[in-house]
Amino acid sequence: MVAERGSARVVDRLKDSLAGLEPPACVNCRVEMIWIMSTLVRQSSASTILHRFVCPRCNGVNDVETEFKPIRVLPDKLTKWRGAANAA
């Protein structure tokens, strides 16, 4: 169950990084390339996602990298231990 949530987060990161990305033009044909896949290359303080595009005319391949900083979200309220005296 935990692994499913972790992989869902990675997929969401990949989708979000692709949403703001404009497809590159092929160097040979000057045609807009088509996205075929994205992979998380490095996951550290600044993560890198590699997007792979292919030209529909000449099958040329182009890679585009995007970087982002992971965001840590803390819970609104943390429960604190009150001890046995305050519990009653």
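Up top is the structure.
The rules behind each value
- Residues numbered from 1 in each chain as written.
- Predicted model: local features only at pLDDT ≥ 70, side-chain atom pairs only at ≥ 80, totals over all residues.
- Heavy atoms only, no water.
- Pairing = 2+ DSSP bridges.
- Helix = DSSP H or I, 4+ residues; strand = E, 2+ residues; numbered from the N terminus.
- Axes fitted to C-alpha atoms, helices over the stretch in contact; angles between N-to-C directions.
- Buried < 20%, exposed > 50% of the residue type's maximum accessible area, 1.4 Å probe, protein only.
- Polar contact = N/O pair within 3.5 Å; in protein donor to acceptor, adjacent residues only side chain to side chain.
- Contact = heavy atoms within 4.5 Å.

Trainee: Describe the sheet that holds strand β3 (residues 61-68), with residues and values.
Mentor: Read from one edge of the open sheet, three strands run β1-β2-β3, paired in antiparallel fashion. The sheet is open, and its two borders are formed by β1 (34-42) and β3, each paired with just one other strand. Sheet twist, expressed as the mean angle between neighbouring strand axes with direction ignored, is 25°. With seven bridges connecting them, β1 and strand β2 (residues 47-54) associate as antiparallel partners. Among the inter-strand pairings, Trp35 is bridged to a residue of β2, identified as Phe53.

Trainee: Which residues make up unusual backbone geometry, and what values do they have?
Mentor: Unlike most non-glycine residues, Arg30 shows phi in positive territory, near 65°. By the secondary structure assignment, Arg30 is in the loop between α1 (2-19) and β1. Positive phi, close to 65°, is recorded for Asn59, a residue that is not glycine. Tracing the sequence through the fold places Asn59 in the loop between β2 and β3. Classification of Asn59 as exposed rests on a relative accessible area of 57%.

Trainee: Would you mind going over the side chain of Ser38 in detail, with residue names and values included?
Mentor: Among the secondary structure elements, Ser38 is positioned in strand β1. Residue classification places Ser38 among the buried residues on the basis of a relative accessible area of 13%. Within the structure, the side chain of Ser38 is placed 2.8 Å from the side chain of Trp35, a separation counted as a polar contact. A polar side-chain atom of Ser38 sits 2.6 Å from a polar atom in the side chain of His51.

Trainee: So what's going on with the environment of Pro56? Residues and values would help.
Mentor: Note that Pro56 resides in the loop between β2 and β3. Take Pro56: its relative accessible area is 47%, and that puts it in the partly exposed class. As for Pro56 and Val31, which are separated by 25 residues in sequence, their C-alpha atoms are 8.0 Å apart. The contact partners of Pro56, leaving out residues within four places of it in the chain, are Val31, Glu32, Met33 and Ile34.

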